[in-house]
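The residues making up each chain are set out below.
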Amino acid sequence: QVQLVESGGGLVQAGGSLRLSCAASGRTFSNYVMAWFRQAPGKEREFVAAISGAGANTRYVDSVKGRFTISRDNAENTMYLQMNSLKPEDTAVYYCATARDARSWYLSRWVRDDEYDSWGQGTQVTVSV
C-alpha cells in the first residue's frame, strides 16, 4: 500500500520561501510520475507541478513558473517542492500524489487529479502580506 507523507508547510511572509517534502513508501518510487496539487479555501484542488519518474521532465502551472521548482530523490523516495517569491495567493493546503500507473511521461500532460491514485494528507502553506 502506497503511503505519502508531506512536510515543510508553515507561515511565511510574502516574498519568502518554503521547501515542501513528500516521503513515499510502498511502491517502486522511480517508476511513477508524481505531482503536487493545492487547494485553497473555497476553491477546487488545482495542479501545481509534476515530475517524471527519473526526474528529467517537469511541468508547472503558469502561475508558479519561475518561482517553484519540483524535484525528486529516488534513492531517498522523496519528492520536493521548492517555493520562492511566495505570494498570498499561494496560500493553500498542498498535497503530493503519485500516478495511477507507470505510464510514460510522454503519454499525458499529468495535470488532472484523476491520473493520480495515492495522496498525502496535505500540508498547510500560509503566505501573509
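Residues numbered from 1 in each chain as written. Predicted model: local features only at pLDDT ≥ 70, side-chain atom pairs only at ≥ 80, totals over all residues. Heavy atoms only, no water.

**Section: the pairing of strand β9 (residues 92–99)**
And then number 1: With seven of its eight residues buried, β9 lies for the most part within the structure.
And then number 2: With six bridges connecting them, strand β4 (residues 34–39) and β9 associate as antiparallel partners. The residue of β9 that forms the bridge with Ala35 is Ala97.
And then number 3: The sheet contact formed by β9 and strand β11 (residues 123–128) spans three bridges and is antiparallel. Within β11, the position partnered with Val93 by the bridge is Gln124. (Buried < 20%, exposed > 50% of the residue type's maximum accessible area, 1.4 Å probe, protein only. Helix = DSSP H or I, 4+ residues; strand = E, 2+ residues; numbered from the N terminus. Pairing = 2+ DSSP bridges.)

**Some remarks on the sheet that holds strand β8 (residues 78–83)**
And then number 1: Spatial strand order, β1-β3-β8-β7: four strands in an open sheet with antiparallel pairing. One side of each edge strand has no neighbouring strand; the edge strands of this open sheet are β1 (3–7) and β7 (68–73). Direction aside, neighbouring strands of the sheet carry axes that sit 15° apart on average.
And then number 2: Here β1 runs beside strand β3 (residues 18–25); their pairing, made up of five bridges, is antiparallel. Across the sheet, residue Gln3 finds its bridge partner in β3, namely Ser25. (Axes fitted to C-alpha atoms, helices over the stretch in contact; angles between N-to-C directions.)

**Quick look at the layout of surface pockets**
And then number 1: Taken as a whole, the largest pocket spans an internal volume of roughly 160 Å³.
And then number 2: Contributing to the lining of the largest pocket are Arg38, Gln39, Ala40, Lys43, Glu44, Glu46, Ser63, Arg67, Glu89, Asp90, Thr91 and Ala92.
And then number 3: Counted by class, the lining of the largest pocket contains two nonpolar, three polar and seven charged residues. (1 Å grid on protein atoms, 1.4 Å probe; cavity = no way out; pocket = protein on both sides within 12 Å on 5 of 7 lines; lining within 4 Å. Points joined across faces, edges and corners; volume = space filled by probe spheres on them. Nonpolar A, V, L, I, M, F, W, Y, C, P; charged D, E, K, R; others polar.)

**Describing empty space enclosed by the protein**
And then number 1: Applying the stated criterion to the full structure yields one cavity of 30 Å³ or more.
And then number 2: Approximately 70 Å³ is the volume found for the largest cavity.
And then number 3: Lining of the largest cavity is provided by Val2, Ala24, Ser25, Arg27, Thr28, Phe29, Tyr32, Met34, Asn77 and Thr98.
And then number 4: Of the residues belonging to the lining of the largest cavity, the class tally is five nonpolar, four polar and one charged.

**Brief notes about the state of the cysteines**
And then number 1: Tallied over the full model, the rule gives one disulfide.
And then number 2: The partner cysteine of Cys22 in its disulfide is Cys96, sulfur to sulfur 2.1 Å. Judged by the sign of its S-S torsion, about 60°, the bond between Cys22 and Cys96 is right-handed. Of this pair, Cys22 sits in strand β3 while Cys96 sits in strand β9; the two residues are 74 residues apart in sequence, bridging distant segments of the chain.
And then number 3: Note on Cys22: relative accessible area 0%, which makes it buried. (Disulfide = S-S within 2.5 Å.)

That's the geometry; what it means functionally is another story.
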